[in-house]
Amino acid sequence: LSTTLMLEEIVISAREALAIGASIYLSAFLFGVLSLLIRKPYPRAAMFTLLIGGFLFQTLGLNLRGAEIKGCPLGNIFEISQFIAWSLVLLYFLIGPAFKLRLLGFFTAGLAGLLAGTALLIPNWDHPYPPGIFGGNPWIELHAALAIFSYAMFAIVALVSVMFLIQQHGLKNKQFKGLYQYLLSVQQLDLMAKRLLITGVVVLSAALIFGAVFWINHPERVPVFKLTVTCLVWAGYLIVVVLRIQKRLATRRHAIASIGLFIFALASLWPVQSARDTIATEAPAVQKTSE
């Protein structure tokens, strides 16, 4: 009995766990900034450890939120932002050590902290919604999860593109110390961005295929605006991939296009979610009227 009471006392809410995770991400980023400013060796092990801590708390928070809503926590902008940040850090764990990108953890901590922290600071993003927002359909949940995961992949591409532009700037100005010494060559960064971008487009294409199956059967439940914007994001990335393979869009222009598309993809989340909320609100009213 005493053990049960002790466990109940230390249980934290989903929002508190997510706040701790975001705080750790931001602390990791600031720690990296401080290390680079005072020109000390980049603390790769410490950065990795901090990211693991933030990831564990964010995982706990998302699981608690999922248990509350009895589904995948992707029902509002707050949850989507948290899920993108979580997926971004997960991808870093998967590809960071393999490519030996020492500064990727630094940039990942900054972007994950920004996404998760901003979502926590805007109460309107965490508005309540009715349970069963996906209608108990596992395929539409898979569609949503894959789409958000592809956005996290595009976030990694944007970070690698930022690193490419920084390294290119250093080469042009013959700067090889400080931040620049921890970056890979521009050729390696460009090749990484290309491969990750192709992978992200494949994942988003799979998400759209699953979503299309649901849309064909229930066209009234999918806002036209949401469908249009999502297809625009997919088409934009597909065009960049095709032009990159054809070598008509390379190096600096490819990096700028990747960063611009990711900003557009993030900016589109709010109006897309608003359109979906409108459909979700109107659907019960229509059903009640018909009855």
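Residues numbered from 1 in each chain as written. Predicted model: local features only at pLDDT ≥ 70, side-chain atom pairs only at ≥ 80, totals over all residues. Heavy atoms only, no water.

**A short note on the environment of Phe99**
Stated formally: Numbered from the N terminus, helices here are DSSP runs of H or I no shorter than four residues, and strands are runs of E no shorter than two. Exposure classes here rest on a 1.4 Å probe applied to the protein chains alone. A residue is buried below 20% of its type maximum, exposed above 50%, and partly exposed in between. The criterion used for residue contact is that any of the two residues' heavy atoms lie within 4.5 Å.
You can see Phe99 is positioned in helix α4 (residues 77-99). Residue classification places Phe99 among the partly exposed positions, given a relative accessible area of 31%. For the pair Phe99 and Leu184, spaced 85 residues apart in sequence, the C-alpha to C-alpha distance is 9.4 Å. Residues in contact with Phe99, not counting those within four places in the same chain, are Leu184 and Met192.

**A closer look at the packing of helix α5 (residues 104-121) against helix α6 (residues 138-172)**
What counts here: Axis definition: a line fitted to C-alpha atoms, over the contacting stretch in the case of helices. Angles run 0 to 180 degrees between N-to-C directions. By the definition adopted for this analysis, an angle is roughly parallel if under 35 degrees, roughly antiparallel if over 145, roughly perpendicular if from 65 to 115, and oblique otherwise. A crossing counts as left-handed when the near helix is turned anticlockwise from the far one by less than a right angle, and as right-handed when that turn is clockwise. Each residue is assigned to one of three groups, with Ala, Val, Leu, Ile, Met, Phe, Trp, Tyr, Cys and Pro labelled nonpolar, Asp, Glu, Lys and Arg labelled charged, and all others, Gly among them, labelled polar.
It is at 10 Å that the axes of α5 and α6 come closest, and there the two elements cross at 125 degrees. On the basis of their axis angle, the class for α5 and α6 is oblique. For the pair α5 and α6, the crossing hand works out as right-handed. Touching Leu104, Phe107, Thr108 and Leu111 of α5 are Ala155, Ile156, Leu159, Val162, Met163 and Ile166, all from α6. Of the residues belonging to the contact of α5 with α6, the class tally is nine nonpolar, one polar and no charged.

**Things to note about unusual backbone geometry**
Positive phi values are uncommon outside glycine, yet Lys247 reaches one of about 60 degrees. In this fold, Lys247 is placed in the loop between α8 (224-245) and α9 (251-267). A relative accessible area of 69% places Lys247 in the exposed class.

**Quick word on α9**
Inclusion rule: An expected span of 1.5 Å times one less than the residue number is assigned to each helix. This arc is built from the directions going out from the helix axis to the C-beta atoms.
Its 17 residues give α9 an end-to-end C-alpha distance of 25 Å, which sits within 8% of 24 Å, the value for a rise of 1.5 Å per residue. Turning to α9, its buried residues number three or more, namely His254, Ala255, Ser258, Ile259, Leu261, Phe262 and Ala265. Down the axis of α9, the smallest arc covering the buried residues is 165 degrees, so these residues share one side. Facing away from the buried side of α9, by more than 90 degrees, are the exposed residues Arg253, Ile263 and Ala267.

**Quick notes on the confidence of the model for the protein**
For residues with low pLDDT, the predicted coordinates do not support detailed interpretation. The cut-off we apply is this: pLDDT is a per-residue confidence score from the predictor, ranging from 0 to 100.
On average, the protein scores 82 in pLDDT, and the residues at 70 or more come to 84%. The least confident element of the protein, judged by mean pLDDT, is helix α1 (residues 2-10) at 43; the most confident is α5 at 94. In the model, residues 1-10 has pLDDT below 50 throughout and makes zero contacts with residues more than four positions away in sequence or in other chains. Confidence over residues 279-291 falls short of pLDDT 50; this stretch has three contacts with residues more than four positions distant or in other chains.

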